[in-house]
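Structure assessment
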Amino acid sequence: MKQTKSYDIPKRLVYEAYKRVKANKGGAGIDGQSQKDFDSNLENNLYKLWNRMSSGSYFPQAVKRVNIPKSDGGTRPLGIPTITDRIAQMTVKLLIEPELENHFHPDSYGYRPEKSAHDAVQKVKERCWQRGWVLDMDIKGFFDAINHDLLMRAVEKHVKEPWQLLYIKRWLTSPVQHAAGKLEQRTQGTPQGGVISPLLANLFLHYAFDSWIETRWTGIQFERYADDVICHCSSEREALALKSLVTDRFAKCGLELHPEKTKIVYCKSWKHTENRELISFDFLGFTFKPRKAKTKEGHHLLSFQPAVSNKSAKRIREAINSWPWKYWLQLNETKSLVEHSRSKLQGWMAYYGRFNRWAIIDVLWHFDKRLSRWSKRKYKKLKTLSQAMKRVKQIRLESPRLFAHWNQV
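A few points on the structure. Note that the structure is predicted; figures quoted are calculated from it, not measured. (Residues numbered from 1 in each chain as written. Predicted model: local features only at pLDDT ≥ 70, side-chain atom pairs only at ≥ 80, totals over all residues. Heavy atoms only, no water.)

**Focus: the overall build of the chain**
A count of helical and extended segments in the chain gives 15 helices and 11 strands. Along the first, second and third principal axes, the C-alpha atoms of the chain reach 80 × 65 × 40 Å. Evaluated residue by residue, the chain yields a buried proportion of 47% over its 409 residues. Sequence separation of at least 24 residues holds for 67% of the intrachain contacts in the chain that already meet a minimum separation of 6. Per element, the accessible surface of the chain, about 22,000 Å² overall, is 49% carbon and sulfur. If you average the places of the 71 positive and of the 42 negative side-chain charges in the chain, the two averages end up 8 Å apart. (Helix = DSSP H or I, 4+ residues; strand = E, 2+ residues; numbered from the N terminus. Buried < 20%, exposed > 50% of the residue type's maximum accessible area, 1.4 Å probe, protein only. Contact = heavy atoms within 4.5 Å. Areas by Shrake-Rupley, 256 points an atom, 1.4 Å probe, with all protein chains shown as cover. Lys, Arg positive; Asp, Glu negative; His and termini not counted. Charge placed at Lys NZ, Arg CZ, Asp CG, Glu CD.)

Listed below in structure tokens is the structure:
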């Protein structure tokens, strides 16, 4: 007699999920299994996962908790599922994401196909020209505060397959294992770091904010990237009223606006700003504020524009300082230094150089200074730092494409 499974899950779908997870290059979960370990017995590992998921006997392991330092001195908790659990989550995500995408708001940008952080920043830039006030909202501890009952109501509205609902519930209630080994049971939240978490978070905020606010506030303009939300208003009074309305709404959904990070900002750059308390805000690593700009006709004016934020600039300089400069001193070649530095610099230029690229070029001069100090120690003929800086400048002129910010000068 042919054995049948409780749920019809194609093997090819699990394999496709595996390829996506592998491409993301995540770390090991609580079982310590690396991607290399998983691949060493790939066929058997994938078969066992498919078999368990198809029979309904799949239960996820606990999520590994890792605390990532934040620029304000605090930490951001990340939850890292095992590789097996990430593949299972990706399997479900591949099936339900197209349906959810049909309903998501066009001004929701975070973790969505065909949308990017740059798209969100560009839209904010355009709308700051149209309306003079911004409500900059930050949801306090959003991923850890998501109400499971409300989330599952939203999930059940769109997801009908019993096995998909079953496993989503199990992922939501999987315990968290802290560094010391202590297990913490979860009654709310979805771990920031899980494959399916961003999709579920977007679904939750779609109903908690995106679609709700459109029915409550005629003509609303907003951009949302995960839990960072920018709303555009015509006056300070309107911004205050909107903040009050959203505060009440979020309280009913178990959410809270961060009291320090949520603010109302004046952004009409062509009016006087001296008496305005807040005339800047940060969004996705960029600071929006009045900046000097030059028109095509050569006139100078103040324009409300984004550029790399001070927090982002600080992180970049700290990252450059953390590179293995002492190790590179010991090598007989500079290939390792060039390859390591070039890829990082290219990434920063590609992201922050999209808006006011001169600002990120100024930040990346820190690399040139660090390279000059390294060169002085590496090459004894360079007696002073000034000589080393001149040598780096000469190399930049001779090989302007060696590093991403050099060919922008």
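There is more to say, and it comes next.
**Some remarks on the nonpolar core**
Counting 67 residues, the largest nonpolar core has Ile87 and Ile168 as the members making the most contacts within it. Not counting residues within four places of it along the chain, the set of residues in contact with Ile168 comprises Val92, Ile96, Met152, Val155, Ile196 and Leu200. If you look at the next biggest cluster of nonpolar residues, it comprises 44 residues, including Val124, Phe304, Ile360 and Trp374. (Core = buried A, V, L, I, M, F, W, Y, C linked by side-chain atoms within 4.5 Å.)

**Here's the deal with the packing of aromatic side chains**
Any pair of aromatic rings gets described here by the distance separating the centres and the angle formed by the planes. Enumeration according to the criterion identifies 28 aromatic pairs in this entry. Note on Tyr47 and Trp50: the rings are 5.6 Å apart at their centroids and 45 degrees apart in plane angle, and the pair reads as tilted. Placement of both Tyr47 and Trp50 in helix α3 (residues 42–55) is noted, with a separation of three residues, approximately one turn of the helix. Since its relative accessible area comes to 42%, Tyr47 is described here as partly exposed. One aromatic cluster is present, built from ring pairs that chain together Trp323, Trp325, Trp328, Trp348, Phe367, Phe403 and Trp406. In this structure, Lys11 is placed above the aromatic ring of Trp50, and the distance from its NZ or CZ to the ring centre is 4.6 Å. (Phe/Tyr/Trp six-rings, centres within 6.5 Å; stacked < 30°, edge-to-face > 60°. Lys NZ or Arg CZ within 6 Å of the ring centre and 35° of its normal.)

**Observations concerning helix α4 (residues 83–101)**
Since the α-helix advances by 3.6 residues per turn, residues separated by three or four positions end up pointing in the same direction. Look at α4: 25 Å from first C-alpha to last across 19 residues, which is about the 27 Å you get at 1.5 Å a residue. In the structure, α4 departs most strongly from a straight axis at Leu95, where the bend amounts to approximately 35 degrees and where the proline Pro98 lies between one and four residues downstream. (Expected span 1.5 Å × (residues − 1). Bend = angle between axes of the 7 residues up to and from the residue.)

**Regarding unusual backbone geometry**
Negative phi characterises most residues that are not glycine, and trans characterises most peptide bonds. A positive phi angle, close to 55 degrees, is found at Lys25, a residue other than glycine. By the secondary structure assignment, Lys25 is in the loop between α1 (11–24) and α2 (35–40). Its identity is not glycine, yet Tyr111 carries a phi of approximately 55 degrees, on the positive side. Checked against the element boundaries, Tyr111 lands in the loop between α4 and α5 (117–130).

**What to know about helix α14 (residues 357–378)**
An ideal rise of 1.5 Å per residue puts 32 Å on 22 residues; α14 measures up with 31 Å between its terminal C-alpha atoms. At Val363, α14 is bent by approximately 25 degrees, the largest bend along its length.

**A closer look at the sheet that holds strand β8 (residues 263–266)**
Taking strand neighbours across the sheet as the criterion, the four strands line up as β6-β7-β3-β8 in an open arrangement whose pairing is antiparallel. Each having just a single partner strand, β6 (221–225) and β8 make up the two edges of the open sheet. Direction aside, neighbouring strands of the sheet carry axes that sit 20 degrees apart on average. As judged from the four bridges shared by strand β3 (residues 133–138) and β8, these two strands associate in the antiparallel manner. For Trp133, the partnering residue across the bridge sits in β8 and is Tyr266. Contacts between helix α9 (residues 197–216) and the sheet are confined to β3, β6 and β7 (228–233), with β6 contributing the most and set at about 175 degrees to the helix. (Pairing = 2+ DSSP bridges. Axes fitted to C-alpha atoms, helices over the stretch in contact; angles between N-to-C directions.)

**Topic: the environment of Leu203**
Considering the arrangement of structural elements, one finds Leu203 in helix α9. Since its relative accessible area comes to 2%, Leu203 is described here as buried. Separated by 170 residues in the primary sequence, Leu203 and Arg373 have C-alpha atoms spaced 50 Å apart. Setting aside anything within four residues of it in sequence, one finds Leu203 in contact with Leu100, Phe104, Ala154, Val155 and His158.

**So, the sheet that holds strand β4 (residues 176–177)**
Spatial strand order, β2-β1-β4-β5: four strands in an open sheet with mixed pairing. At either margin of the open sheet sits one strand with a lone partner, and together these are β2 (75–80) and β5 (183–184). Taken together, the two bridges between strand β1 (residues 63–69) and β4 define a ladder with parallel strand orientation. Paired with Lys64 across the strands is Gln177, a residue of β4.

**Some remarks on the pattern of salt bridges**
Counted by the stated rule, this structure contains nine salt bridges. Between Arg127 and Glu223 there is a salt bridge; the shortest N-O distance is 2.9 Å. Taken together, the residues Arg127 in helix α5 and Glu223 in strand β6 connect sequence positions 96 residues apart. Exposure remark for Glu223: the relative accessible area of 0% places this residue in the buried category. The salt bridge partner of Glu339 is Lys335, with a shortest N-O separation of 4.0 Å. With Glu339 and Lys335 both in helix α13 (residues 335–352) and four residues apart, this pair spans about one turn of that helix. With relative accessibility at 43%, the residue Glu339 sits in the partly exposed group. Each of Glu16, Lys19 and Arg20 takes part in salt bridges that share partners, so that together they form one network. (Salt bridge = Lys/Arg side-chain N within 4 Å of Asp/Glu carboxyl O.)

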